[in-house]
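Okay, here's what each chain looks like letter by letter:
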Amino acid sequence: MAGQDSDDEIVLSSSALDALKEFYAERDARQEQFAKLQAKAEEQHDLQQQKLSMEAFGEDWNESQFWYSDETANFLARQLLLNATPDMTIGVVSAPSVFVALKNILNAASPEEPKPKLILLEHDNRFAVFSEFSFYDFAQPTKLPAHLKSSCDRIICDPPFLSEDCQTKAAITVNWLFKPTAADDKKLIVCTGERMEPLVSRLYKSVGLRTTDYDPVHARGLSNEFYCYANFESLGWKWREEK
């Protein structure tokens, strides 16, 4: 504005200041939680008995990070664990909140209960606090440790972006991870946007992926309509009727 003093300070309203203080307080609390988690991981070399929380891992929207609610993460984890045996491996691709839920459920189980192995493929290096972590960049879908190839019996995948390129490369990763067994022996859950339905159905046609009527919920909400796709029926969902 003409005549305005360039040295004038911008003054925030009291409500804006309160919101800013709350934002920084939450950020600092998450950083402190993560530092404690990291220290315990370094001391114990694993987090077997630790009660874990996604609160330690703040979402980075620039990385397309939107964590599931605890209820959704636990529900999906239990679908993957149902009738699992110790010789099975569950792969978690870009869905760290489900991985944390799996860890908590297995950590709380009695020693006699069968416990499958877990692997986590994730772009965010903060999750390297877990021994099951492997760095994952969907742009290089098979640039992964060689021992992970053909290692998984069950997989959940939540591709980070709603693009054909990302979805297609994530599907390449899933196919690379699966053991070379019959489609009926594989369990697959894919959580992604509703508008990806035609593409996802085509990419995973060989394993019989279909759209379920279960609606995943994100802890902080999500503007895009989100679907859960699977190649197996469950007490927790039915097949969604075709439009």
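Residues numbered from 1 in each chain as written. Predicted model: local features only at pLDDT ≥ 70, side-chain atom pairs only at ≥ 80, totals over all residues. Heavy atoms only, no water.

Per an unreviewed UniProt entry, the chain goes by the name Protein-lysine N-methyltransferase EFM5 and belongs to Podospora anserina. UniProt, in the comment section headed Subcellular location (unreviewed entry), describes the chain in these words: "Cytoplasm". (UniProt positions renumbered as here; feature names shortened; annotations may be inferred.)

Visitor: Give me the lowdown on the environment of Ala-171, citing residues and values where you can.
Guide: Along the chain, the position of Ala-171 falls in helix α4 (residues 164-177). Residues Ala-171 and Leu-203, 32 residues apart in the sequence, show an inter-C-alpha distance of 6.6 Å. (Helix = DSSP H or I, 4+ residues; strand = E, 2+ residues; numbered from the N terminus.)

Visitor: Any details on the sheet that holds strand β7 (residues 226-230)? Residues and values, ideally.
Guide: Taken in spatial order, the seven strands line up as β3-β2-β1-β4-β5-β7-β6 in an open sheet, and their pairing is mixed. Whereas interior strands pair on both sides, the edge strands pair on one side only; in this sheet they are β3 (133-135) and β6 (210-211). Here four bridges tie strand β4 (residues 154-157) to strand β5 (residues 187-193), and the two strands are oriented parallel to one another. When the bridges of β5 are listed, Arg-154 appears paired with Lys-187. (Pairing = 2+ DSSP bridges.)

Visitor: Describe in detail helix α2 (residues 70-81), supporting the description with residues and values.
Guide: Helix length check: α2 (twelve residues) gives 16 Å between terminal C-alpha atoms against 16 Å at 1.5 Å per residue, within 8%. Buried within α2 we find Thr-72, Ala-73, Phe-75, Leu-76, Ala-77, Gln-79, Leu-80 and Leu-81. Elements that come into contact with the buried residues of α2 comprise β1 (89-93), α3 (96-108), β4, β5 and β7. Two residues or fewer past α2, Asn-83 is found with a positive phi of approximately 60°. (Expected span 1.5 Å × (residues − 1). Buried < 20%, exposed > 50% of the residue type's maximum accessible area, 1.4 Å probe, protein only. Contact = heavy atoms within 4.5 Å.)

Visitor: Break down the pattern of salt bridges for me, citing the residues and quoting the values.
Guide: This model, assessed by the stated rule, comprises five salt bridges. A salt bridge links Lys-179 to Asp-153; its shortest N-O distance comes to 3.0 Å. Of this pair, Lys-179 sits in the loop between α4 and β5 while Asp-153 sits in the loop between β3 and β4; the two residues are 26 residues apart in sequence, bridging distant segments of the chain. We classify Asp-153 as buried; its relative accessible area is 13%. With its nearest N and O atoms 2.8 Å apart, the salt bridge here joins Arg-240 to Asp-215. (Salt bridge = Lys/Arg side-chain N within 4 Å of Asp/Glu carboxyl O.)

Visitor: Account for the pairing of β7, naming residues and giving values.
Guide: Across the five residues of β7, five count as buried, placing the element largely inside the fold. In β7, alternate side chains face the same way, and those of Phe-226, Cys-228 and Ala-230 on one face and Tyr-227 and Tyr-229 on the other are all buried. Across five bridges, β5 lies against β7 in antiparallel orientation. Of the residues in β7, the one forming a bridge with Gly-193 is Phe-226. For β6 and β7, the ladder comprises two bridges, and the chain directions are antiparallel. The partner of Thr-211 across the bridge, within β7, is Tyr-229.

Visitor: Run through α3, naming residues and quoting values.
Guide: With 13 residues, α3 should reach 18 Å at 1.5 Å per residue; the first-to-last C-alpha distance of 18 Å fits that figure. α3 sits mainly inside the fold: twelve of its 13 residues count as buried. Of the positions making up α3, those classed as buried are Pro-96, Ser-97, Val-98, Phe-99, Val-100, Ala-101, Leu-102, Lys-103, Asn-104, Ile-105, Leu-106 and Asn-107. Lining the buried residues of α3 we find α2, β1, β2 (117-122) and β4.

Visitor: Outline the confidence of the model for the chain, supporting the account with residue identities and numerical values.
Guide: Of the residues in the chain, 76% reach a pLDDT of 70 or more, and the chain-wide mean stands at 85. Confidence drops under pLDDT 50 across residues 1-6; counting only partners more than four residues distant or on other chains, this segment forms zero contacts. (pLDDT = per-residue confidence, 0-100.)

Visitor: Explain the nonpolar core residue by residue, including any values.
Guide: Ranked by internal contacts, the top residues of the largest apolar core, which has 37 residues, are Leu-76, Val-98, Leu-102, Ile-189 and Trp-237. Elements with a minimum of two residues in this core: α2, β1, α3, β2, β5 and β7. Among the elements that line this core, the one with the most residues is α3, at seven residues. Beyond its immediate chain neighbours, meaning those up to four positions away, Leu-102 contacts Ala-77, Leu-80, Leu-81, Ile-90, Val-92 and Leu-118. Among the nonpolar cores identified, the runner-up in size contains 27 residues, and Val-174, Leu-188, Val-200 and Tyr-227 belong to it. (Core = buried A, V, L, I, M, F, W, Y, C linked by side-chain atoms within 4.5 Å.)

Visitor: Could you give me a rundown of the side chain of Ser-151, with the residues and numbers involved?
Guide: Among the secondary structure elements, Ser-151 is positioned in the loop between β3 and β4. Side-chain polar atoms of Ser-151 contact the backbone oxygen of Leu-148, separated by 2.6 Å. If near-sequence neighbours (up to four positions away) are discounted, Ser-151 is found in contact with Thr-89, Ile-119, Leu-177, Phe-178 and Lys-179. (Polar contact = N/O pair within 3.5 Å; in protein donor to acceptor, adjacent residues only side chain to side chain.)

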